[in-house]
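# Coordinates in review
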Amino acid sequence: MRVGLLGLQGAFLDHIPHLKRCGVEPVIVRDAQALSTIDRLIIPGGESTVMSKFLQEFGMLRPLGDRVSAGLPVWGVCAGAILLSQQVNGSPGVLAALPISLTRNAYGRQIASDTRPIDIALLDLVAYPAVFIRAPRIDRVGEGVVVHAVRDRDPVFIQKDHIMASTFHPELNPDDAFHRYFISL
Ligand code: GLN
């Protein structure tokens, strides 16, 4: 299995040990050619504006959009979730692959980065210490979107068919459950 890690910007390296423990040697994706060789993709956390600019500059935006529409399993983490979202702060999103609306940096300055215990029945995780770093808030989920976990009432881990998104950073915890699940999609 060829699991791609979008390596244009952000926290992609932290995913590598997880994938290796799952028996997968990841492919760092930095151009459209590499994109065409993978059979799933993690879009990491980072800065969504910078990542979208690089996607455009490196001619990857269109090919990535096409592959996602054609069924490529994708996991967006934080900034990655922002790129996948249909609506971002009231404007159309970059890939617009997930029927959700979100607000960037919505948890405010003081609590911009924190760890919250959340339960994720899907992965058999109780009080999992989810790390939120300048996270977006998902304000609306559309039809067909399954909410796997919430923070208070806000969805923080969601999935629609082959696309999943988390507004926190599972790559920063030792647990491999998220990566194992993504590989199973
Ligand atoms: N605040 C970042 C953005 O708007 C996301 C932060 C993250 O990925 N941890 O893109």
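Structure report, in brief. This structure is a prediction, so every number in the text was calculated from the model and none was measured.

Rules used throughout
- Sequence order as written defines residue numbering, which begins from 1 separately in each chain.
- In keeping with the predicted nature of the model, local features appear solely for residues at pLDDT of at least 70, side-chain atom pairs appear and are counted solely at 80 or more, and the whole-chain, interface and lining totals rest on all residues.
- Hydrogens and water are ignored here; the side-chain numbers use all heavy atoms of the structure.
- A run of H or I in DSSP counts as a helix once it spans at least four residues, and a run of E counts as a strand once it spans at least two, with each numbered from the N terminus.
- Here the term buried applies to any residue with accessible area under 20% of the maximum for its type, exposed to any over 50%, and partly exposed to those in between, with areas from a 1.4 Å probe on protein chains only.
- The contact criterion used is simple: two residues touch if any of their non-hydrogen atoms lie within 4.5 Å.
- Nonpolar cores were defined as sets of buried Ala, Val, Leu, Ile, Met, Phe, Trp, Tyr and Cys residues, with membership established by side-chain atoms within 4.5 Å.

### Quick notes on the environment of V146
Tracing the chain through its elements places V146 in strand β11 (residues 146-151). Its relative accessible area of 43% is what places V146 among the partly exposed residues. Distance from V146 to I163, taken between C-alpha atoms, is 10 Å for residues 17 residues apart in sequence. Those residues within four positions of V146 in sequence are excluded, and the remaining contacts are F157, I158 and Q159.

### What about the nonpolar core?
Core analysis: the largest hydrophobic core is formed by 31 residues, its most contacted members being L6, V29, L41, I43 and L64. Mapped by element, the contributors of at least two residues to this core are β2 (27-29), α2 (32-35), β3 (40-43), α3 (48-57), α4 (61-69), α5 (79-84), β7 (98-103) and β13 (163-166). For this core, the leading source of residues is α5, giving five residues. Sequence-distant contacts of V29, defined by excluding residues within four places in its chain, comprise G4, L5, L6, G7, L8, A34, L35, I38, L41 and M60. Counting residues in hydrophobic clusters, the runner-up holds 29 residues, among them I42, V77, L125 and F132.

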